[in-house]
Each structure stands twice: as C-alpha cells, then as structure tokens.
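Structural description and commentary
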Amino acid sequence: MKALLLRDLRLAVRAGGGFGLSLAFFLIVTVLVPFAVGPEADTLSRIGPGVLWVGALLATLLSLDRQFALDHEDGALPLIATSPLPLEAVALAKAVAHWLTTGLPLTLAAAPLGILLNLEGASFPWLVLTLALGTPALSVIGTFGAALTVGIKRGGLLLSLLVLPLYVPTLIFGAEAARRGAMGLEVATPLLMLAGITLGALALLPFAAGAVLRINLR
Amino acid sequence: MKALLLRDLRLAVRAGGGFGLSLAFFLIVTVLVPFAVGPEADTLSRIGPGVLWVGALLATLLSLDRQFALDHEDGALPLIATSPLPLEAVALAKAVAHWLTTGLPLTLAAAPLGILLNLEGASFPWLVLTLALGTPALSVIGTFGAALTVGIKRGGLLLSLLVLPLYVPTLIFGAEAARRGAMGLEVATPLLMLAGITLGALALLPFAAGAVLRINLR
Amino acid sequence: MSLRVEGLSVARGGVPVLDGLSFTVEPGQALVLRGPNGAGKTTLLRVLAGLAPPLAGRVEMPPESAAYASHADGIKATLSVRENLRFWADLYARPWAEGVLDDFDLRSLAHRPAGTLSAGQSRRLGLARLGVIGRPILLLDEPTVSLDAASVARFAGWLRERHLASGGLAVIATHVPLGLDAPEFDLSRFRADPMVAGQGSDAAFL
Amino acid sequence: MSLRVEGLSVARGGVPVLDGLSFTVEPGQALVLRGPNGAGKTTLLRVLAGLAPPLAGRVEMPPESAAYASHADGIKATLSVRENLRFWADLYARPWAEGVLDDFDLRSLAHRPAGTLSAGQSRRLGLARLGVIGRPILLLDEPTVSLDAASVARFAGWLRERHLASGGLAVIATHVPLGLDAPEFDLSRFRADPMVAGQGSDAAFL
Amino acid sequence: MSIWEYANPKKFIATTAPVIPWAFGGAILCIVVGLIWGFFLTPDADRFGSTVKIIYLHVPSAMIAINGWIMMLVASLIWLIRRHHVSALAAKAAAPVGMVMTLIALWTGAVWGQPMWGTWWAWDPRLTSFLILFLFYLGYVALWEAIPDPDQAADLTSVLCLVGSVFALLSRYAVYFWNQGLHQGATLSMDSEQHIADVFWVPLVVCIAGFILLFVALVLMRTGTEIRLRRLRALERQAQRAAA
Ligand code: HEM
Ligand SMILES: Nc1ncnc2c1ncn2[C@@H]1O[C@H](COP(=O)(O)OP(=O)(O)OP(=O)(O)O)[C@@H](O)[C@H]1O
Ligand SMILES: Nc1ncnc2c1ncn2[C@@H]1O[C@H](COP(=O)(O)OP(=O)(O)OP(=O)(O)O)[C@@H](O)[C@H]1O
Ligand SMILES: [Mg+2]
Ligand SMILES: [Mg+2]
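Residues numbered from 1 in each chain as written. Chains lettered and ligands numbered in written order. Predicted model: local features only at pLDDT ≥ 70, side-chain atom pairs only at ≥ 80, totals over all residues. Heavy atoms only, no water.

Taken together, the contacts link 27 residues of chain E with 26 residues of chain A. Here chain E packs against chain A, burying approximately 2300 Å² in sum over the two surfaces, 83% of which is carbon and sulfur. Looking only at chain E, the three residues that lose the most surface to chain A are Leu156, Phe167 and Phe177 of chain E, adding up to 26% of its buried area. Where chain E touches chain A, the interface holds 0 salt bridges. Of all elements in the fold, only helix H5 (125–146) and helix H6 (150–178) of chain E reach the threshold of two or more residues within the side of chain E that touches chain A. Broken down by element, the side of chain E that touches chain A gets its largest block of residues, 16 residues, from H6 of chain E. Here the side of chain E that touches chain A is composed, by residue class, of 20 nonpolar, 4 polar and 3 charged. (Contact = heavy atoms within 4.5 Å. Buried area = accessible area lost by both parts, 1.4 Å probe. Salt bridge = Lys/Arg side-chain N within 4 Å of Asp/Glu carboxyl O. Helix = DSSP H or I, 4+ residues; strand = E, 2+ residues; numbered from the N terminus. Nonpolar A, V, L, I, M, F, W, Y, C, P; charged D, E, K, R; others polar.)

Laid out in structure tokens, this is it:
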C-alpha cells in the first residue's frame, strides 16, 4: 500500500500531475464569485463560508477523474489488481493520496482566500476546522465515485453527477458548523455529524470502492 | 467541417458521450449553493443570477477537456490534422459542437433552475438573454484552452486554470447585465460589450486555437 | 505449481467465444496459443488471469501466482524507467534487483522518463516488469509486438533460461514465431458453437 | 507524385536522431524502413507526414497527398465500424465505397461498435481508413502489428494490387517481413552523431 | 415451487402479461374516480381553498417516488445476492417511473406552493430531500445509460443504489437539521390530531391506490420490454455468429 501511495504522490508532483491545480481552481472560483454576485461586503461576508465550502467541494470534484482513469487507460489497473494488494487497500491508498494532494492543501488555503470574501475574524478557525474534518470524507466518497465510473471514457461529468448528491450531507454539516461557529452558536451537533460521516465513509466506502473496481475490471 | 460536426454531435449522444451531463452538473451546483449559504430566500434571490452564471460557466468548463483530449488519446487528431480540413475549421467545428451540446442546453435550463434560487420574475428574461449571448464565447474560449492543453494527460484542472481568467470579462459583463436588467437599470453597455466579446472571440480565437493545435501536434 | 484448465468456456461482452477448453501446463513448460484474429486469445488470457469470470469450467492454479501482460503495460510516462520498475517491485513486495535492467537491455535508458521511449523500448520496459515481480505463471498477450529481431531473441532467451528453467511456466498468445521450442495450442478448433444456446447471461434470455 | 527527401535530419524531443537522409520513392514503389528499436523510424515518418518539423533538409511531395498511420488509429469505440469509416470518407470529401469493407475483411463486423473488436480486427479497421481516404502517399508505422498471417497477406495484396498498381507509393516501417517485393532502407547507417554540435534550437546555446 | 421461479424471464413474462391490462385498467379506474371525486365532489378546505385539490396528485406521486426507490433497493439486493436477471431489469425499469413521479411531486408541490406560500420554491426540508431524491434517480439512470455491458451495469447500479440509499437517509436527516420548514406534517398518519377530514381522505386513498396500480403496471410492462430487448439482442448475436 505504501508503494502505491508513494507512487501516486510522486506522479502528482511530476509535470502534468495535477498537484496544485485544484488549489488554483479553488482560488479562481473564489475570485469569480464577487464578479458574479457583486462586490457588496456584507453579502460577501454572509455567503463567504458557504462559498468557500462549495469551492473546495468543486475543486475536489474536478480532480477525482484522475483517480483511477489514468491507471485504467494505460493498463496499470489490471496489473495492480493482480498484485498481492487487495483492491480495497488500493482504493484506500488512492483516497489517502487524493486527500494529501487536494484536501489538505485546500484546507490550508481556505484561510487566506477567506480574506478575499471579507470573512469575519471569528469565521476563520471554524472554516479551517470543518474543512479539515470534512475533506477526508469528500476524498473517500469521491474515490468510490471514481471507481464506479472508471470504465467510462472521460466520465468526469457523470462522476460529478453521481458524487454530488453523496456530498450533500457532508456539505450541509460542514457549512452549517462553519456558519454557526462564526456566529457563536452551538456547533457540537453538526461537528459530531461531520466527524461521524468522515469516519463512517473511511470505514465502509473503501470496501464498496473495491467491489466496484472488481466489477469494472471484468 | 460538417462531417466533423456531425460526428462530434453523434459521439456526444452515444453512451458515455457526456451529453446532458453538463446540464446535470449545472443543476447540482445550483442545488448545492443553498445548502452552503443557507436557505434564506432574499439572500438567495440577490445572489441568484450570479450563481447561475458561475454555475453555467463551471458546467461549460467541465466538459471542455473532452474537446480534443479524446481525439488526441486515440490518435484521431493527427489524422484529422492531415485531412484537407484546416485546423482552424476543426477548432471552429469543435466549438460549435460544444456549444450545441452544452451552451444551448445550459441556457435553456437556466430559467427553471432560477426558480430554485427564488429569482424574481424580472430576472428571468435577462438571465436567459445574457446566457444566450455569452455561452458561445465560453465555448470558443474554452476550445482555445482545450487546444492549448491537448497534450497533457487529464489536463482538466490545468485547462480550468488557463481558461478561467479568460472567462472573467464574459462573466463580468454577462452577470452585470443580468443583474441590471433584473433591477430595471440601464443594460445597453454590458450587453453590447458581451455581444462584442462573443463576436470577437468567434472571429479570432479559432485561428489561435488552430495555431496552438499545430504546435501541440509536433 | 502447474496450470490446469478443465472444460473452460469463455465469453467476451456476453458473447461465448471459446468452448470446452482443457489443457495443462507443467512447470518449465510454455504453451503457445495460436488462432486467427478474433479467435479469443486475449479473452482466454484474461480469464486465466482472473480478470474476467469464466462462463463454465475450472481454472486451477495456486493463488497469487499469475502475472498478466498485454500491450497496455501500465507504464507511467513521467516516471523514469527505473522508477517504473521499482514501483512494481515494491507493490509486489519483491526485492529490487538491478540485474533486470541488463536482462531487458534497459540499462542505458534507466534514467529516461518512460514517455520518451520508442515503441519497442517501452515494450521492453513492459516486459521487464515480468522479471521484477517474479511470478511463476506468465500469461502473455502478443509480447513481442514492436520488438526488433534482436530483442525478440533476447526475450525468448530470458524466458527459456531464466523463467522456464527455474520452474516457471508461461502461456503465450502470438502471431509471430518466438523461436521457443514449445507446443502450440490452436484455438480455432474450440470456437463456441453459435447454434448451441448461449451460456452466461444470454442463456437466461434464449 | 513522387516523394523526394534530401539531406534530412530529424529530432525527437530536441535530440537529433537521424542525420543526412536522402532518398526518392517513385509512384508504384514501396520503401521499407528497417532499423532496430529506437533507430528513428517513427520519428522519420512523423516528419514526412508533416506532423513534426525537420531539423534540416527538405521533404518534397505534392501538398495534401500523404496519409500517416500508426498504432493509434483514431477509432471511436462507440461508433460502428461502418460509421468510423464513413466519417473519414466525409472528412476527406471522398465518395463512400462499400467495397473497402471487403478489401479489409470487415464486412461481417460492419455493424459492430468498434470498441468490441479484437486487437487484430481493430488494426484492420485502422488500415481500412487508408483505403477510404485514397491518398497516394502512405506513411505506415508498423502496419501489421497484431495481424494474423492471413491478414498480413491480404494487406500486402491490397497494397501491391490496389495501391501501388494505381500509382500510389508507400514508406513502411516494420520489424516483420511483409512479403512485399520492395527495397529496404536501413536507418542504422544514418544515426545522428551525438558529438556533432546540435542542430535546431539547441545549436543556439552550444 | 419457490417464488424464485418467477425470476425466469419467460415465466415472468408469461405470468405478468395477463396481469398488466388489469393493473392498468384498475389504475385508470381508480385515478379517474378518485380525481373526479376529489375535484368535483368535495368542498374546499378552509385553510387551502380550492387549491387543496392538488393533493390528489401530489401525495400519491410523492409516495410512489419514495417507495419506488425502496423497491429498486430491494431488487438491487436480490440481484446482488441471487443474481436473478429479472430483478436487475425490474430495478432498471422502475427508475424512470420513479424519477417521473418525483418530478410530478415536485411540480405539483411547486404549483401548490405558489398560492400557499407565495413562492414556487422554498428550501423546505421535505422539498429539498425530494430534490435530492431526484438527483439520485438521475444519477442512477445516467449510470445505466453509460455502461454498455448489461450485467456490469446491473452490478454497478446496484452498488450505487445501496450506497445511495444510505446517503439519501443521511441527507434527509441533514436537511431537517439544516432548515425547519413550511411543509405539512404527515397528514396520513394515524395520529388523529393531524388527520385530515374524511371527505378528503377517502378520494385520496382511492387516488393512492390508483397510483400504486399504475406504478405496478408500468414497472411490469417496462420490465417485460427490457427482457424482450435482452432476448432480441441475444438472438441477434446468435444469428450474427451463425452467419460469421
Ligand atoms: C415542490 C414542492 C413540494 C414537494 C417536493 C413536496 C413533497 C411532498 C412529500 C414528499 C410529501 C409526503 C408524502 C408522504 O410521505 O406520504 C408531501 C405531502 C404533502 N404535501 Fe407536499 N410537497 C411540496 C409542496 C407542497 C405545498 C406547497 C403544499 C401545500 C401548502 C404541500 C402540501 C402537502 C400535503 C398536505 C401533503 C400530505 C401530507 C402527508 O401525507 O404527509 N406540499 N409533499
Ligand atoms: N463486446 C463484444 N461483443 C461481441 N463480440 C465481442 C465483444 N468483444 C469482443 N468480441 C469478439 O470476441 C472475439 C474474441 O476477441 P479476442 O480479443 O479474444 O481475440 P484475439 O484472439 O485476442 O484476437 P487478436 O489476435 O486480434 O488479438 C472477437 O471475435 C471479438 O470480435
Ligand atoms: N523526448 C525524447 N528525448 C530523448 N530521446 C527521445 C525522446 N523521444 C524519443 N527519443 C529517442 O529517439 C529515438 C527514436 O525513437 P523512434 O520512436 O523514432 O524509434 P523507432 O525507430 O520508431 O523505434 P521502434 O522500432 O521501437 O518503434 C529513440 O531512441 C528514443 O528513445
Ligand atoms: Mg488479442
Ligand atoms: Mg516506432
């Protein structure tokens, strides 16, 4: 599993590997929103945490189709599948690599980007905390979606379609906790739910992803 | 050129061709925003036109990487390049096919989706009008971006990064016109600018895209 | 450590292709699959590799002993030749032996990103994976495509003297002679009979 | 309608590969490029096809007369075999002749989505494109990979009797004999000397 | 004789073919009677005015939309565990019907919302979870369409249905947490406090029965069509191979 994880990380930082691009996408979405909704500071600071959550989610989404599709195209996937590593572990390694190359940088980048959206001071720690808790779930769920669509050429959009409704609970609890935290309201419930979703997804979805990969390799 | 256009349209509607998926993505982005920013109707109706513009833009963006990458991977691109059709015409055909399969459906879908964001009655015609004027520009600019990144494996995110800044003027004038129209303000200037961008892009960018394709094929 | 196939039927995309195959390959032996284009060589190899389920019949071999190789070698263009091979060694938890680079004539290319190799060079890299992962049962689909005569001979030599001689076995689909002294198995005699009711999922609907 | 090459040097990824090539291929003639893996056959063919610029020297041929074919045939998996071929006919503004389906033994596969073909069958489809677009100068990179013996003979026959006989010409890179009675051109004699100062854009920095 | 024998495609068609016309007839009868009764023979409700009549379309379609997904879940499980082709095809056949029912519920709800809440759409939890259900249907249908091999498609969509169900439940909870809404409570509950007057209740039940029959008829018919399509394909292939 370590071999696969290391290879994926190495591929991500090589030319054309896509590291940093989801970050750039996140930046750009955040920048575009004020152009589109107008520059009023109070509107922006109200919708800020939500926009950053949606931006992070979309940036995650965009990088998902690289998860298995590249290995599928060049034939690495069947070779990995016949290796001693079970497909469930393959899925988990891919999810971890994905989180390290997108979820983590997005979380770290959210705070500076918040400034662009006139976030209030109290919002920042909550935003970062909820993203840190929520992005692993996004990576695992996304890996499942990517495994589901691996046989489909350029299935990027279908992947988005399948994955986005699965992202809804994570988004709701994450954005809600960030919003409540910023307003000083009670946040224990959404935070616990968010953590629960992340843990549950981490525990169960790699198995679903493995099963689905096996079907797709037939 | 007709042959290429027809083939692309046919490929788009075949299994896995991705037609309708950008529509679905548009729908989903629109649905997610209230989850993230909260359900208050007046906030939503204020940011509605902007969100729809950003949503349409992102949906366009997601389908761009299919433009040339598929033809590149399976080797069709060099073969098309050595055909009697000049690469400029190839780029134009691709852009037109892209608009027919994404821009047009997105424009038509914007009105019903506006209901979800509690748009006011006056906003609808302006939203649809600006999208109808602006989406061709998005398709042509995007085709240029796709031509630029054609050699890069799964260059989807890099493509987004390159194209998004190019989309900014279209977005600004489009969203501004839609917002002003809804509020009954003067709209001639942004509308004219929007139309100007679209016409200019249609006239010039296919040549740039053709040149870039030629370089990428080396 | 032998490969035993009994009464095997295989299908591709739901269509039965081969029917009633039985053969055994013993350690140290190679079996060459022959048959015209579309006979079902690739389909059979994928079933043997466990990538597709058989329609009927049994494939017996020790678990985790087979390696499959086709044109798509899973080569990463941005990794160097050595990095590509080391990844497979690590994934299969095998020690890295620098010697494979010589076995497959890759020493002078070891530092090159794999994406800059010529067709035959990257085929050699794909084959070198087999030397790295050390699986005893090789399932090879047209392994010598794009190779020049010298490389074909070198590969056949490796197969004979390194792989088979150490108790491995191989099933090889090919259209060109490899210069191996191995029995041939002609698949055209086993074409699934079109008039027999379909097997697999079609059967339920006929 | 002949292909004339004079003092050609070609490079791949900035590295000079072949140097000082000169040859002429007359209508009705075929030239077979030989050379070990990595000699530069693919590079040369891509330059001849105009897909890459030469480092030095000249390629002379009538405009829009060449067709290039490599392993990647631009086959669309979701279109049927006939739809794939018709697209090329339309793109090159050529009348559609049902006969190519017979020339390349594709008649029985005409309705199949191209994605379901076997390796050799889809190679035949890729070659059939050459019959459809009717270009007089064919630049073929290992055209018979994955083909069985009968298909190789059929293709060689098509080349000899339909293409060359009607005044076409061909340059073919291959590692396996095609059974064509054509002169061979060995590229290993033209390897670019690595000690010669670089040509092309490197030269500016040396 | 076990129930699984009906999973044989031929047996399935033979058994269901005679049922379909009856189910259709019953459905049309119930819906026509229920609608006429509900539209013309009931008084206007005090709180809703005449708009209450939308309930005769709205509630039945909403119920079918939810239960259609549950039926697909069961059929998917049967396919995954016992690998009966009919079961997979029944799930495939039910999806578009359920999707259209979801759309009808959304549409009638929106039409009702306009007079009642003064807006076509509000981010009410009930409405929102329906929108999410619609997205699940959409994804499910799109995945079926995208995969050419039917068995593979059946496997993948079944897993999607399983995972999707879990997340649909989660979303439903999340949505209630996120927004307390405007929508009616459960009117059909046995809790008499909330129970609507019998005048509305009886025709409503007739309509619901009609929609259930309609769903059954449509799903049986579509499953039959899918089976015949598969059979046709199998025969075509046999003929092709015989010709080759
Ligand atoms: C697009 C908007 C709407 C959607 C998606 C929607 C959805 C639903 C759903 C899912 C049910 C539950 C059926 C069941 O579980 O048995 C339902 C029932 C009902 N809806 Fe709506 N609804 C919408 C708008 C409205 C509006 C505007 C009203 C009226 C003010 C309304 C009144 C009712 C009533 C009275 C019931 C019956 C209560 C029950 O049986 O639980 N709905 N609707
Ligand atoms: N989805 C499908 N539907 C119908 N037939 C198919 C499908 N996929 C493959 N086939 C057919 O199955 C047969 C076996 O294909 P296979 O790839 O195993 O042949 P092969 O022996 O490897 O041929 P080659 O030498 O050309 O590689 C071929 O005739 C092919 O056309
Ligand atoms: N980007 C690059 N940088 C350096 N060398 C390269 C690059 N790309 C290709 N080469 C080298 O250029 C040479 C010519 O490659 P080419 O593909 O033309 O060979 P070929 O004759 O077609 O070989 P084969 O028979 O294996 O197909 C090879 O030695 C290859 O390794
Ligand atoms: Mg094969
Ligand atoms: Mg080559």
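Out of 7 pairs of chains that touch, the pair holding the most contacts is chains A and B. Contact between chain A and chain D is absent, and the least distance between their C-alpha atoms amounts to 10 Å. Spatially, chain D is disjoint from chain E: no contact exists, and the shortest C-alpha separation is 7 Å.

This next bit is on the site of ligand 2. Taken together, 19 residues lie near ligand 2, and Thr42 and Thr43 of chain C together with Arg112, Ser118 and Gly120 of chain D sit nearest. Ligand 2 sits at the junction of chains C and D, each of which supplies nearby residues. Within the side chain of Asn37 of chain C, one N or O atom sits 3.1 Å away from an oxygen atom of ligand 2. One of the side-chain N or O atoms of Gln121 of chain D is found 2.7 Å from an oxygen atom in ligand 2. Protein chains bury 89% of the 650 Å² of accessible surface belonging to ligand 2 in isolation. Within the residue set of the shell around ligand 2, elements represented by two or more residues are strand S2 (15–25) and helix H1 (41–48) of chain C together with helix H4 (119–133) of chain D. Residues of the shell around ligand 2, tallied by class, amount to 4 nonpolar, 11 polar and 4 charged. (Near = heavy atom within 4 Å. Polar contact = N/O pair within 3.5 Å; in protein donor to acceptor, adjacent residues only side chain to side chain. Areas by Shrake-Rupley, 256 points an atom, 1.4 Å probe, with all protein chains shown as cover.)

Moving on, we come to the packing of aromatic side chains. As enumerated under the stated definition, the model contains 16 aromatic pairs over all chains in all. Ring geometry for Trp88 of chain D and Tyr92 of chain D: centres 6.4 Å apart, planes at 55°, overall tilted. Note on accessibility: Trp88 of chain D and Tyr92 of chain D belong to one class, buried. A ring pair is formed by Phe185 of chain D and Phe190 of chain D, whose centres lie 5.3 Å apart and whose planes are at 15°; its orientation type is stacked. Overall, Phe190 of chain D belongs to the buried group, its relative accessible area being 16%. One aromatic cluster is present, built from ring pairs that chain together Trp69, Phe136, Tyr137 and Tyr140 of chain E. The residue whose ring lies beneath Arg7 of chain B is Phe87 of chain D, and the NZ or CZ to ring-centre distance is 4.3 Å. When the ring centre of Trp88 of chain C is taken as origin, the NZ or CZ atom of Arg129 of chain C, which lies over that ring, is 5.3 Å away. (Phe/Tyr/Trp six-rings, centres within 6.5 Å; stacked < 30°, edge-to-face > 60°. Buried < 20%, exposed > 50% of the residue type's maximum accessible area, 1.4 Å probe, protein only. Lys NZ or Arg CZ within 6 Å of the ring centre and 35° of its normal.)

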